[in-house]
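Structure at a glance
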Amino acid sequence: LSGVEDASFAYQNPFTGYSGDNVSVPGEDRQLFNIRDAYYVDEHYFNVFGIKIQEGSNFDPTLNSNAEMIVDRNFVDTLNTRNSILAGGIVTLFIALIGLIGYTIDEVRRRSKEIAVRRVNGAQFSQIRSMFLRDVMAVALPSVAVGAVLAYIVARRWEQNFSLQAGLPWWIFVGAIVAALAIVAIISDIYVIRTAGTNPADSIKTE
C-alpha cells in the first residue's frame, strides 16, 4: 500500500504494557533484577515507533531471535551500579598489589648480601628463587586474600543501598587474587635474577 511507510512484528502490544521478566547472570541461580520485557520484535520495530537507538546497532534479521537483545537506558544504568562496585573492588586490590610489589622489591634489596653469600657457597638460582618466592608468598597470599574479602564485604554493603542490585560474582575476586599473586611472583623473579646475576663481591664488599 502506498500509504504504508513501514510495518513491524511485535510479540506484545506496546500500548497495553509489557510482561515482567528477571535478569540473571549465566551460570548463576540468583536473580539480579526485574524488567519489562517485550520478548520478540523485528528489526522494523524501532523505525515504526520512532525509537532512536543510542548505542549499538539494530537487530540483524539473519541471526537467531535469541542471539541479540536491545535494552533501555535504565537497564544499562542498573548494570553500571554493578560495574561501579566492581571498580571499587579492583581499586582496593590494586592498592594492596602496590604495597606487595614494594615489599617484594625492598625484601630482595635487603637480602642482596644473603643472595651473594648463597651464590658464593654454591646455591643454585632455582634454590634461591624458590626460597624468595616462598617467603614473599607467605606475606602476599594472606594480604591479598584479606584485601579481597574486605573488598567483597564493602561492595556488598554498598550494593544494599540500591533498590536494584546487579550482584557481584565471586570469581571476579578470585581472578584478581590470582592475577595479583602472579604479578608479585613475576616481580620477585625479575629482581632475584637481577641481584643473583651481579658479582657477589659487589654485594658483600661493604660488610
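Everything discussed here concerns the structure shown above.
These remarks concern the structure in this document.

Thresholds, definitions, all that
Residues numbered from 1 in each chain as written. Predicted model: local features only at pLDDT ≥ 70, side-chain atom pairs only at ≥ 80, totals over all residues. Heavy atoms only, no water. Buried < 20%, exposed > 50% of the residue type's maximum accessible area, 1.4 Å probe, protein only. Helix = DSSP H or I, 4+ residues; strand = E, 2+ residues; numbered from the N terminus. Arc of directions from axis to C-beta. Salt bridge = Lys/Arg side-chain N within 4 Å of Asp/Glu carboxyl O. Core = buried A, V, L, I, M, F, W, Y, C linked by side-chain atoms within 4.5 Å. Polar contact = N/O pair within 3.5 Å; in protein donor to acceptor, adjacent residues only side chain to side chain. Contact = heavy atoms within 4.5 Å.

On to helix 3 (residues 112-120), then. Here helix 3 has its buried residues at Ser 112, Ile 115 and Ala 116. For helix 3, the angular spread of buried residues about the axis comes to 100 degrees, placing them on one side. In the segment just after helix 3, Gly 122 is the residue with positive phi, at about 95 degrees.

Applying the stated criterion across every chain, the model contains two salt bridges. With a shortest N-O distance of 3.3 Å, Arg 73 and Glu 55 are connected by a salt bridge. Note that Arg 73 is positioned in helix 2 (residues 73-110) and Glu 55 in the loop between helix 1 (45-48) and helix 2, a separation of 18 residues in sequence.

A separate point is unusual backbone geometry. Unusually for a residue other than glycine, Tyr 39 sits at a positive phi of about 65 degrees. Looking at where Tyr 39 falls in the secondary structure, it is placed in the loop between strand 2 (31-37) and helix 1.

As a further point, take the nonpolar core. Soluble globular proteins: nonpolar side chains tend toward being buried together. Judged by nonpolar contacts, Leu 97, Leu 100, Val 136, Ala 140, Val 144, Ala 148, Ala 151, Phe 173, Ile 177, Ala 180, Leu 181 and Val 184 together constitute the single largest core of 12 residues. Counting residues in hydrophobic clusters, the runner-up holds 11 residues, among them Val 108, Ala 123, Met 131 and Tyr 191.

Turning to its location among the elements, Asp 42 is positioned in the loop between strand 2 and helix 1. A distance of 3.2 Å separates the side chain of Asp 42 from the backbone nitrogen of His 44, its partner in a polar contact. Once residues lying within four places of it in the same chain are set aside, the contact partners of Asp 42 are Ala 7, Ser 8, Phe 9 and Phe 59.

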